[in-house]
Amino acid sequence: MATEAKTPELIVSVSPHVRGDETVGRIMWTVNLSLLPAFIMSVYYFGPLAAYVTGLCIVTSVLFEHFYQVSLKKKSTIGDGSAFLTGLLLGLNLPPSVPFYIPVVGSLVAIIITKLLFGGLGYNIFNPALIGRAFLLISFPKLMTIWSEPTAQFVALDAKTTATPLGILKEGGIAKLVEVFGDKTDLYMNLLMGSRAGSLGETSVIALLIGAALLMYRGYITWHIPFSFLATVGVMAWALGGDSGFFTGDPLIHLLSGGLILGAFFMATDYVTCPSIRKGQIIFGIGCGAITMMIRLKGGFPEGVMFAILLMNCFAPLIDRSVKARMFGAIKEKKEQKK
Amino acid sequence: MSLKPKSNRELIKNGMFGENTIFRMAISLCPSIAVTNGMKNGLALGIAVVFVQTMVNATVSLMRNFIHPKIRIPIFMLIIAGYVTIIDLLMATYARPIYKEIGLYIQIIVAFASIFARAEVFANKNKVWPSICDGLGMGIGFLLAMLVISFFRELLGKGELFGYSLIAGNPLLIMILPAGGFLAVGLLMGFFNWIDMRFFGGKGASGV
């Protein structure tokens, strides 16, 4: 066996042959970066408390992931930014004035139960941040629905509480909502900029759209899920959301309020829990939109984005299976007719 | 499955730990989620199951040579229903407040998979005394499982134990809702599997 190793002339290897320089970590940190504008707006409107809640979520998420993996003698994966992202999304989905244990419990459920017990990143069935929030909303229904009024003064320590636009819409109808904000243009502007009550990161539509544009530009998310989601919500709000019969609703209010933009661009598009085939993604988005509007218009909760995405997460594997492309050249067998 | 017949003590132990109805066999999960939002309810249902399981095993074992194999299932059903009626009426009379809450689940013991399974698998093939031990072990195993699940659910969900409040503040409301039942059962099942694999060298149960 003393022959020198020759330079091989023909390399035979298994696929993949071409490797990009994208890594999980790079994608995750880019998504984190794209949420930065929304985070800044939340601090602007809700004061230092917003940074505290979000920061606590991030720190506890990362710590839980680290200690779970260290205690099981596995490689700690906190460097890939996914735990950071889960914590960030969870924080941006919480109301501004929550006691300290709510972020901790939310991170515990999101990271340990939803993600790591199912096998870690890539194996979770549901979006971890959303399960964390759903758990909190059901466990602490009162604390999770105290919405502070945005102040934009950096000192919102004893903020006034108020209702979210969707809450007002549910209780008093569109007329009441317009009355609260002045007139319709003011209403749209406030909703667009984010000067309204709501979860920390969901209020400022414009900041979220900047982040989403970055993700679309980098090609990390495609238009399929967000746009089919938003279009379904818009059409259903227009067709069914009106006070005076069909096709009189105001789609813009529904599109701009609640957690719709955050959910459609940042959470429904989670790689792990959405279908991976384009046609399936459109079905997924339409399903999300339909469930959201059903909950908003007829359900007990004012907001339904979270439950809609979670419900459609269950269907993601089924959707993927049913829209799988037919094998090239395969002939579909004719079904035998029953006699 | 060892071929060597087990001693009576081993049979009781087997029912309590080795083949625990809920955590190892993963059967009779419906009551373990429906009734365990309070320790009082869990205890009551557990006692009822211990009684029914033991008596059914004894009766089936006594009658095993007279029951024709082809009609054994309806006959088991009748025996179980008889004992369930007894415990149902007893509880309705002497434990009225609890009965009002879990009366439905007392009656539904008729359909518990665990009781029927032990009658078919064990009592139908064994002598009276081992059957009684097996029924006792299985019943106590179920009782213990109910107590463990309801301990965590009541403590976390209401901050109480047996109705006495222990923890002030905001409890995790989800734990006394059905979703919390699934969470508690799943996490505890995983925990007991871990104990089995870590300390006793078992392979862990996967709901066999």
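Residues numbered from 1 in each chain as written. Chains lettered and ligands numbered in written order. Predicted model: local features only at pLDDT ≥ 70, side-chain atom pairs only at ≥ 80, totals over all residues. Heavy atoms only, no water.

**Student:** Before we go on, may I ask you to explain the overall build of chain A in this structure?
**Tutor:** The helix and strand tally for chain A stands at 14 helices and two strands. Taken over the C-alpha atoms alone, chain A extends approximately 85 × 60 × 35 Å along its principal axes. Contacts spanning at least 24 positions in sequence make up 73% of the contacts within chain A whose residues lie at least 6 apart. When the accessible surface of chain A is split by element, carbon and sulfur atoms take 66% of a total near 17,900 Å². On chain A, the mean spot of the 27 positive side-chain charges and the mean spot of the 20 negative ones are 10 Å from each other. (Helix = DSSP H or I, 4+ residues; strand = E, 2+ residues; numbered from the N terminus. Contact = heavy atoms within 4.5 Å. Areas by Shrake-Rupley, 256 points an atom, 1.4 Å probe, with all protein chains shown as cover. Lys, Arg positive; Asp, Glu negative; His and termini not counted. Charge placed at Lys NZ, Arg CZ, Asp CG, Glu CD.)

**Student:** Which parts of the structure should I look at to understand the confidence of the model for chain B?
**Tutor:** Close inspection of predicted coordinates is inappropriate for parts of the model with low pLDDT. Residue and element names in this part refer to chain B. Residues with a pLDDT of 70 or more make up 94% of chain B, whose mean pLDDT is 87. Taking the mean pLDDT of every element in chain B, the minimum, 82, falls on strand β2 (residues 164-165) and the maximum, 93, on helix α4 (residues 72-94). Interface confidence in the predicted complex, given as ipTM, is 0.80; pTM for the same model is 0.85. (pLDDT = per-residue confidence, 0-100.)

**Student:** Can you walk me through helix α8 (residues 178-199) of chain B in this structure?
**Tutor:** Owing to its 3.6 residues per turn, the α-helix brings residues three or four apart onto one side. All names here are of chain B. Compared with an ideal rise of 1.5 Å per residue, which puts 22 residues at 32 Å, α8 spans 32 Å between its outermost C-alpha atoms and is within 8% of the ideal. Among the residues of α8, those classed as buried are Gly-180, Gly-181, Ala-184, Val-185, Leu-188, Asn-193 and Asp-196. Residues of α8 that are buried in the fold lie against α2 (29-34) and α7 (128-158). Immediately downstream of α8, the backbone of Gly-201 shows phi near 65 degrees, a positive value. (Expected span 1.5 Å × (residues − 1). Buried < 20%, exposed > 50% of the residue type's maximum accessible area, 1.4 Å probe, protein only.)

**Student:** When you look at the domain arrangement of chain A in this model, what are you seeing that I'm missing?
**Tutor:** Interface size is often expressed as the accessible area that is lost when the parts come together. Residues and elements named next belong to chain A. One can read the domain layout of chain A as domain 1 (24-145) and domain 2 (166-317). One C-alpha centre belongs to domain 1, the other to domain 2, and the line joining them spans 21 Å. Facing 36 residues of domain 1, the contacting portion of domain 2 comprises 33 residues. Both sides of the domain 1 and domain 2 interface together cover about 2,800 Å² of buried area, and 75% of this is carbon and sulfur. For the pair domain 1 and domain 2, the number of links is six residue pairs in polar contact (both at pLDDT 80 or more). Looking at the side of domain 1 that touches domain 2, the elements that each hand over two or more residues are α1 (24-34), α2 (36-46), α3 (48-71), α4 (82-92) and α6 (128-139). Grouping the constituent residues of the side of domain 1 that touches domain 2 by class yields 25 nonpolar, nine polar and two charged. (Domains from an automatic or database assignment. Buried area = accessible area lost by both parts, 1.4 Å probe. Polar contact = N/O pair within 3.5 Å; in protein donor to acceptor, adjacent residues only side chain to side chain. Nonpolar A, V, L, I, M, F, W, Y, C, P; charged D, E, K, R; others polar.)

**Student:** In this structure, what is going on with the pattern of salt bridges? I would like to understand it.
**Tutor:** Where charged atoms from two side chains of opposite charge approach closely, those side chains can pair. Tallied over the entire structure, the rule returns 10 salt bridges over all chains. Through salt bridges with shared partners, a single network forms among Asp-21, Glu-22 and Arg-26 of chain A. (Salt bridge = Lys/Arg side-chain N within 4 Å of Asp/Glu carboxyl O.)

**Student:** Help me out: how do you make sense of the packing of α6 of chain A against helix α14 (residues 305-322) of chain A in this one?
**Tutor:** In a packed pair of helices, the relevant descriptors are the angle between the two axes and the axis-to-axis distance. All names here are of chain A. In the contact formed by α6 and α14, the axes pass within 10 Å of each other and the chain directions differ by 125 degrees. Taken together, the axes of α6 and α14 lie oblique to each other. Relative to α14, α6 is oriented so that their crossing is left-handed. Residues Leu-130, Ile-131, Arg-133, Ala-134 and Leu-137 of α6 form the contact with α14, whose participating residues are Met-306, Phe-307, Ile-309 and Leu-310. Of the residues assigned to the contact of α6 with α14, the class counts are eight nonpolar, no polar and one charged. (Axes fitted to C-alpha atoms, helices over the stretch in contact; angles between N-to-C directions. Parallel < 35°, antiparallel > 145°, perpendicular 65-115°, else oblique. Left-handed = near helix turned anticlockwise from the far one by under 90°.)

**Student:** For this particular structure, what's the right way to read the interface of chain A and chain B?
**Tutor:** Each side of the interface is counted separately: chain A has 10 residues, and chain B has eight residues. Across the chain A/chain B interface, buried area totals approximately 750 Å², and carbon plus sulfur atoms make up 80% of it. Ranking the residues of chain A by area buried against chain B places Phe-135, Ile-138 and Ser-139 of chain A at the top, with a combined share of 51%. The interface formed by chain A and chain B holds zero salt bridges in total. Elements that contribute at least two residues to the side of chain A that touches chain B include exactly α5 (101-116) and α6 of chain A. Classifying every residue of the side of chain A that touches chain B gives nine nonpolar, one polar and no charged.

**Student:** Honestly, the state of the cysteines in this entry has me stumped. Any pointers?
**Tutor:** Structurally, a disulfide amounts to a covalent bond that connects the sulfur atoms of two cysteines. Residue and element names in this part refer to chain A. This structure, assessed with the given rule, holds zero disulfides over all chains. Here Cys-288 stays unpaired: no disulfide links it, and the sulfur of Cys-274, its closest cysteine neighbor, is 9.4 Å away. Residue classification places Cys-288 among the buried positions, given a relative accessible area of 0%. (Disulfide = S-S within 2.5 Å.)

**Student:** Looking at this structure, how should I read the packing of aromatic side chains?
**Tutor:** To describe a pair of aromatic rings, one takes the distance between the centres and the angle between the planes. As enumerated under the stated definition, the model contains 15 aromatic pairs over all chains in all. Between Phe-100 of chain A and Tyr-101 of chain A, the ring centres sit 5.7 Å apart and the planes meet at 80 degrees, which makes this aromatic pair edge-to-face. Since its relative accessible area comes to 25%, Tyr-101 of chain A is described here as partly exposed. Measuring from centroid to centroid gives 6.2 Å for Phe-51 of chain B and Tyr-83 of chain B, while their planes differ by 80 degrees, and the two rings are edge-to-face. Here Phe-51 of chain B is found in helix α3 (residues 39-63), whereas its partner Tyr-83 of chain B is found in helix α4, with 32 residues between them in sequence. By relative accessible area, Phe-51 of chain B is classed as partly exposed at 26%. Residue classification places Tyr-83 of chain B among the buried positions, given a relative accessible area of 17%. Following the ring pairs from residue to residue traces out a cluster consisting of Phe-23, Phe-191, Phe-192, Trp-194 and Phe-199 of chain B. (Phe/Tyr/Trp six-rings, centres within 6.5 Å; stacked < 30°, edge-to-face > 60°.)

**Student:** Sorry, what's going on with empty space enclosed by the protein here?
**Tutor:** A probe as big as a water molecule, rolled over the atoms, marks out the empty space that is left. All names here are of chain A. With the rule as written, the count across this model stands at one cavity of 30 Å³ or more. Put simply, the largest cavity is a space of about 270 Å³. Elements that contribute at least two residues to the lining of the largest cavity include exactly α1, α4 and α12 (260-267). For the lining of the largest cavity, the element with the highest residue contribution is α4, accounting for four residues. Across the lining of the largest cavity, the residue classes tally to 14 nonpolar, five polar and two charged. (1 Å grid on protein atoms, 1.4 Å probe; cavity = no way out; pocket = protein on both sides within 12 Å on 5 of 7 lines; lining within 4 Å. Points joined across faces, edges and corners; volume = space filled by probe spheres on them.)

**Student:** How should the environment of Ile-22 of chain B be read in this particular structure?
**Tutor:** Residue and element names in this part refer to chain B. Structurally, Ile-22 can be placed in the loop between α1 (8-18) and α2. Between the C-alpha atoms of Ile-22 and Val-185, which are 163 residues apart in sequence, the distance is 8.4 Å. Not counting the four nearest positions on each side in its chain, Ile-22 is found in contact with Ile-27, Ser-28, Leu-29, Ser-32, Phe-142, Ala-145, Met-146, Ile-149 and Met-189.

**Student:** Explanation requested: the nonpolar core in the structure shown.
**Tutor:** Soluble globular proteins tend to bury their nonpolar side chains together. Counting residues in hydrophobic clusters, the biggest one holds 125 residues, and the most contacted among them are Phe-266 of chain A together with Leu-45 of chain B. Of all the elements, α14 of chain A adds the most residues to this core, at nine residues. Each of two domains, domain 1 (24-145) and domain 2 (166-317) of chain A, supplies a minimum of three residues to this core. Setting aside its immediate chain neighbours within four residues, Leu-45 of chain B contacts Pro-31, Val-35, Ile-102, Tyr-105, Ile-106, Ile-109, Phe-112, Phe-142 and Met-146 of chain B. (Core = buried A, V, L, I, M, F, W, Y, C linked by side-chain atoms within 4.5 Å.)

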